[in-house]
There are 2 protein chains.
Amino acid sequence: MKMSRMGARPEKMAPKDAETINHKLLVQAGFVRQLMAGVYTYLPFGLRVLRNIEKIIREEMDAIGGEEILMPMLHPAEIWKKTGGWDSVDILFKLTSRTDRDYALGSSQEEVVTPTMKEFIRSYRDLPRMPYHIQWKFRDELRSKSGIMRGREFLMKDMYSFHLDQADFDRFYEIAKSAYLKVFSRMGLDAKVTEASGGDFSEKISYEFEVLTDAGEVNILYCDSCEFCANVDDLSNYKEGDKCPKCGKSKLKPSVAAEVGNVFDLGQKYSKAFDMKVANDKGEMIYPIMGCYGIGITRTMGVIVEKFHDDKGIIWPKNIAPFMVHLIDIKQNDKALEIYQLLQAKGIEVLWDDRDINVGVKFSDADLIGCPWRLVVSEKSMSTNEIEVKARQNDEPEMMNVESFINSLKSD
Amino acid sequence: MKMSRMGARPEKMAPKDAETINHKLLVQAGFVRQLMAGVYTYLPFGLRVLRNIEKIIREEMDAIGGEEILMPMLHPAEIWKKTGGWDSVDILFKLTSRTDRDYALGSSQEEVVTPTMKEFIRSYRDLPRMPYHIQWKFRDELRSKSGIMRGREFLMKDMYSFHLDQADFDRFYEIAKSAYLKVFSRMGLDAKVTEASGGDFSEKISYEFEVLTDAGEVNILYCDSCEFCANVDDLSNYKEGDKCPKCGKSKLKPSVAAEVGNVFDLGQKYSKAFDMKVANDKGEMIYPIMGCYGIGITRTMGVIVEKFHDDKGIIWPKNIAPFMVHLIDIKQNDKALEIYQLLQAKGIEVLWDDRDINVGVKFSDADLIGCPWRLVVSEKSMSTNEIEVKARQNDEPEMMNVESFINSLKSD
């Protein structure tokens with residue numbers, strides 16, 4: 001993409017109303033614009049990051065048997081009344097039509113997926129099933145000051161699973177957990193799994209996927225020697241300095257963390273509410289056990305900015321960066337065009353700052369935007385055929401042949 | 001995709017409440033489910049069709065300089081009050097938060113795109129700009145009985161253009177018109193361009209892209225000899241039997257049509273409402289001329305089903321079909337698997353009905369779902385290495401070598 005053709009672009013100054021790093025950097029670098037607290041427009045850079053996150057999630061959900069569908073956002077009140085959510089879910093947005101019908105804006109989709117799958121799941125032969133979708137959700141938050149980390153309108157992947165019995169849910173939970181850890185690892189995040197209460201969704205336990213960051217809203221205790229981690233706000237069985245209850249090797253450490261995913265064991269709450277009965281292999285009609293598996297996509301994008309930045313700007317993990325390469329030319333437009341086209345031909349996504357502006361601004365914008373590699377084409381490139389290559393997180397560039405750079409990316 | 005792995009599947013019977021062909025066939029064939037009138041869940045087949053339509057639109061919008069962004073659906077009341085839409089747009093859904101703030105659900109995005117682009121467009125050098133997005137919209141319809149053709153929640157591509165003057169809008173309108181006709185032609189639709197009134201959006205004229213179909217809601221007069229077409233509900237300057245005012249060759253014929261796209265010349269209505277001023281090349285501050293360009297994506301999917309079906313089911317145009325090939329095996333699972341994998345390796349999207357069910361049901365489901373090509377692997381295939389190939393719209397199959405079939409698709 002050529003920056004001269006783009007409407008949206010980075011700003012010299014950070015927005016004055018930004019209270020969080022993700023809000024400040026994402027606005028200044030030209031990824032998003034706030035329409036109101038908790039509601040954002042995604043500009044071309046921001047949309048590319050969302051699509052990259054979606055792609056990773058989609059691949060991993062498909063790999064464990066997920067079936068992608070798309071459920072609506074405007075829900076009739078009746079389905080929320082059936083489960084009691086109409087009165088109990090305080091963040092539910094409600095509205096009334098001209099014809100006096102009551103609707104809710106989907107804050108979650110158990111109320112839609114259960115009656116939908118009820119039509120298709122008739123016997124144990126149809127189980128398990130794992131429909132999922134990637135869709136915008138709405139929450140009537142009292143405050144929304146964490147940038148894109150806690151939106152009133154936010155993008156989420158939610159999967160729902162239907163099982164013949166608890167054992168099958170437990171079996172699938174382990175598969176989903178591995179897939180979730182793989183998703184976060186592909187995005188450059190080290191996520192910890194904690195146990196917490198089920199909240200609105202379930203009387204049972206839930207599992208949260210947490211990333212350690214000062215921008216988080218959750219207090220956790222974790223072990224350095226094993227994967228043990230607990231949400232202390234919810235479950236207070238543990239305290240700082242206790243020996244790890246799982247491995248016994250280290251003492252539990254406190255941290256602040258941000259939730260990027262969660263799993264709820266829904267039990268039979270929703271299958272009972274919608275009278276979804278399935279014949280088991282003895283011909284008896286049973287209520288399936290359900291699970292719900294969320295990953296906050298816009299939220300995760302915000303957490304990544306909180307985790308990966310320096311005082312110059314964002315440092316995107318390579319799998320979700322808006323572009324792999326940020327190309328800058330110092331008055332060598334023809335040579336830059338040649339390299340731009342070569343990179344594109346090799347399938348490398350490249351942002352070319354071809355604007356006729358001060359080169360100092362180009363450098364600072366490149367740091368702000370935060371693509372993994374910065375390439376500079378200068379006069380020197382003309383005689384040597386070498387370009388200046390700098391990884392975003394490094395201070396010093398090195399001179400490199402273009403082909404060698406491309407090969408190094410490919411083998412990365 | 002293997003049908004045995006899918007939760008959603010075709011039904012024997014059409015839904016009883018369906019009043020339109022698109023509703024009936026899309027539900028029966030397993031593409032969508034109605035959550036309430038005008039609000040649908042898209043099952044895997046349906047989501048694939050939406051994504052195919054989106055892809056065509058995205059390619060053509062990018063080709064004319066469109067810049068993809070994503071604007072939110074939850075809008076603060078203030079922006080709608082600025083333009084008067086809060087009181088004048090009767091289909092606007094309104095809601096109030098717990099903290100007593102008023103919101104609208106976006107039925108269009110002029111109120112968001114104008115203040116957003118105001119930040120980036122500062123002088124004539126920044127013009128023209130054409131941001132677009134593909135997003136769900138909401139309309140508080142009194143009735144919604146046309147299947148996915150008139151949703152209360154519907155998917156739309158809307159592009160907005162910003163111009164220095166009327167001449168530049170006129171220039172770009174011709175470019176956008178060509179791109180629109182290309183979009184519809186790639187989807188197998190012959191669209192006619194009509195002039196109509198500007199409605200809520202503009203005091204100026206608007207352009208509608210209409211597809212002739214009995215399921216439509218618009219009365220038009222059109223000429224067989226040239227591209228002349230007029231919306232008679234809106235502009236009554238013409239009547240049936242008049243000589244074509246454009247070419248004079250034929251008499252105007254009446255038809256019913258469905259609107260699949262539209263263009264509004266917005267003039268300075270929104271740039272003035274949001275005080276968006278831009279310096280022209282003389283340094284004078286002017287209000288840009290704006291245009292708005294919509295294509296209803298879910299609506300177009302519905303129109304296509306209305307246009308392309310027979311009494312057995314849907315007949316998808318190949319560029320938007322959920323799969324290019326529907327593979328059926330008659331108790332030859334191993335051979336079918338081999339062909340399934342071969343087609344996939346060649347990049348051909350294939351749905352394999354590998355269910356252990358009556359083969360007659362497989363045949364009727366294939367007609368119902370409507371993929372362009374049906375392949376049957378039977379015992380005969382084992383000795384001859386030939387498969388039965390039938391185009392969805394033909395009655396008679398022919399025997400063909402698998403490789404020849406693949407080559408014929410590739411050269412198509």
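For the structure itself, consult the block above.
The next point concerns the state of the cysteines. Counted according to the given criterion, the structure contains zero disulfides over all chains. Of all cysteine sulfurs, the one in B:Cys223 lies closest to B:Cys247, which takes part in no disulfide; the gap is 3.7 Å.

Moving on: the sheet that holds strand β22 (residues 386-391) of chain B. Residue and element names in this part refer to chain B. The strand order β20-β19-β21-β22-β23 describes an open sheet built from five strands, whose pairing is mixed. Sheet topology places β20 (350-353) and β23 (398-401) at the edges, where each strand pairs with a single neighbour. Neighbouring strand axes in the sheet, compared pairwise and without regard to direction, differ in orientation by 30° on average. With four bridges connecting them, strand β19 (residues 325-329) and β20 associate as parallel partners. Across the sheet, the residue bridging to Val325 is Val350, located in β20.

Our focus in this paragraph is the nonpolar core. Counting 202 residues, the largest nonpolar core has A:Phe31, A:Trp316, B:Phe31 and B:Trp316 as its most contacted members. Once residues within four sequence positions are removed from consideration, A:Trp316 is found in contact with A:Leu26, A:Phe31, A:Val49, A:Met301, A:Ile304, A:Val305, A:Ala321, A:Pro322, A:Ile369, A:Gly370, A:Cys371 and A:Pro372.

The next subject is the packing of aromatic side chains. Residues and elements named next belong to chain A. With the rule as written, the count across this model stands at 28 aromatic pairs over all chains. These aromatic residues form a ring-pair network of at least three members: Phe31, Phe45, Trp316 and Phe323. Above the ring of Trp86, the side-chain terminus of Lys81 is found at 5.2 Å from the ring centroid.

Right, let's get into the pattern of salt bridges. Applying the stated criterion to the full structure yields 63 salt bridges over all chains. The salt bridge partner of A:Asp353 is A:Arg355, with a shortest N-O separation of 2.9 Å. The two residues A:Asp353 and A:Arg355 agree in class, both being buried. In this structure, B:Lys239 engages B:Asp242 in a salt bridge whose closest nitrogen and oxygen atoms are separated by 3.5 Å. Under the relative-accessibility criterion, B:Lys239 is labelled exposed at 55%. With a relative accessible area of 22%, B:Asp242 lands in the partly exposed category. Taken together, the salt bridges that share partners define one network made up of A:Lys55, A:Glu59, A:Glu60, A:Lys182 and A:Arg186.

To continue, consider the interface of chain A and chain B. Contact with chain A, which involves 55 residues of that partner, is made by 55 residues of chain B. Summed over both partners, the interface of chain A with chain B buries about 5,200 Å², with 59% contributed by carbon and sulfur atoms. Considering only the surface of chain A that becomes buried against chain B, A:Leu70, A:Arg98 and A:Phe120 emerge as the three largest contributors, covering 15% of it. Our count for the chain A to chain B interface comes out at eight salt bridges. Among the ionic pairs, A:Arg33 bridges to B:Glu119, the shortest N-O distance being 2.8 Å. Our count for the contact surface shared by chain A and chain B stands at 24 residue pairs in polar contact (both at pLDDT 80 or more). For the side of chain A that touches chain B, the leading source of residues is strand β2 (residues 39-42) of chain A, giving four residues.

Okay, the packing of helix α2 (residues 44-63) of chain A against helix α8 (residues 297-307) of chain A next. Residues and elements named next belong to chain A. For the pair α2 and α8, the least separation of the axes is 10 Å and the interaxial angle reads 110°. Put simply, α2 runs roughly perpendicular to α8. For the pair α2 and α8, the crossing hand works out as right-handed. From α2, Gly46, Val49, Leu50, Ile53, Glu54 and Ile57 reach across to α8, where they touch Ile297, Thr298 and Met301.

Let us now look at the sheet that holds strand β19 (residues 325-329) of chain A. Residue and element names in this part refer to chain A. Judged by pairing direction, the sheet is mixed, and its five strands sit side by side in the order β20-β19-β21-β22-β23 without closing on themselves. The strands lining the two open edges of the sheet, one partner per strand, are β20 (350-353) and β23 (398-401). Pairwise comparison of adjacent strand axes, ignoring direction, gives a mean angle of 30° for this sheet. Inspection of the sheet shows strand β21 (residues 373-377) paired to strand β22 (residues 386-391) by four bridges, in the antiparallel sense. If you follow Leu375 over to β22, its bridge partner there is Val389. The strands touched by helix α9 (residues 333-345) are β19, β20, β21 and β22; relative to β20, the strand with the most contacts, the crossing angle is about 170°. Across the sheet, helix α12 (residues 402-410) touches β19, β21, β22 and β23, and the angle it forms with β23 is around 95°.

Bringing the side chain of B:Lys335 into the picture now. Tracing the backbone through its elements, the reader meets B:Lys335 in helix α9 (residues 333-345). What B:Lys335 contacts, discounting residues up to four positions off in sequence, is B:Val377, B:Ser381, B:Met382 and B:Asn385.

Let's shift gears to the relation of the copies chain A and chain B. Two chain copies here: they are related by a rotation about an axis and a translation along the same axis. For these two chains of identical sequence, chain A goes onto chain B by a turn of 180° and a shift of 0.0 Å along the axis, with RMSD 0.0 Å. The symmetry that links the two subunits is that of a two-fold axis. Closest approach to the rotation axis within chain A is made by the C-alpha atom of A:Leu95, at a distance of 2.5 Å.

The next subject is unusual backbone geometry. A:Leu127 connects to A:Pro128 through a cis peptide bond whose omega is -10°. Topologically, A:Pro128 is positioned in the loop between α5 (110-118) and β7 (131-138). Positioned with a positive phi, A:Asn385 is a non-glycine residue whose angle comes to about 60°. Relative to the assigned elements, A:Asn385 resides in the loop between α11 (379-384) and β22. Non-glycine residue B:Asp275 carries a positive phi angle of around 45°. Looking at the secondary structure, you find B:Asp275 in the loop between α7 (269-273) and β14 (278-279).

Now for the pairing of strand β7 (residues 131-138) of chain B. Residue and element names in this part refer to chain B. Counted residue by residue, β7 has eight buried out of eight residues, so it is predominantly covered. Judged by which residues are buried, β7 turns out to be covered on both faces: Pro131, His133, Gln135 and Lys137 on one side and Tyr132, Ile134, Trp136 and Phe138 on the other are all buried. By the bridge criterion, two bridges tie strand β3 (residues 67-68) to β7 in an arrangement that is parallel. Among the inter-strand pairings, Glu67 is bridged to a residue of β7, identified as Pro131. Note that β7 and strand β8 (residues 153-163) share seven bridges and pair antiparallel. Bridge pairing in β8 links Trp136 to Leu155.

Conventions we followed
- Residues numbered from 1 in each chain as written.
- Chains lettered and ligands numbered in written order.
- Predicted model: local features only at pLDDT ≥ 70, side-chain atom pairs only at ≥ 80, totals over all residues.
- Heavy atoms only, no water.
- Disulfide = S-S within 2.5 Å.
- Pairing = 2+ DSSP bridges.
- Helix = DSSP H or I, 4+ residues; strand = E, 2+ residues; numbered from the N terminus.
- Axes fitted to C-alpha atoms, helices over the stretch in contact; angles between N-to-C directions.
- Core = buried A, V, L, I, M, F, W, Y, C linked by side-chain atoms within 4.5 Å.
- Buried < 20%, exposed > 50% of the residue type's maximum accessible area, 1.4 Å probe, protein only.
- Contact = heavy atoms within 4.5 Å.
- Phe/Tyr/Trp six-rings, centres within 6.5 Å; stacked < 30°, edge-to-face > 60°.
- Lys NZ or Arg CZ within 6 Å of the ring centre and 35° of its normal.
- Salt bridge = Lys/Arg side-chain N within 4 Å of Asp/Glu carboxyl O.
- Buried area = accessible area lost by both parts, 1.4 Å probe.
- Polar contact = N/O pair within 3.5 Å; in protein donor to acceptor, adjacent residues only side chain to side chain.
- Parallel < 35°, antiparallel > 145°, perpendicular 65-115°, else oblique.
- Left-handed = near helix turned anticlockwise from the far one by under 90°.
- Least-squares fit on C-alpha atoms with pLDDT ≥ 70 in both.

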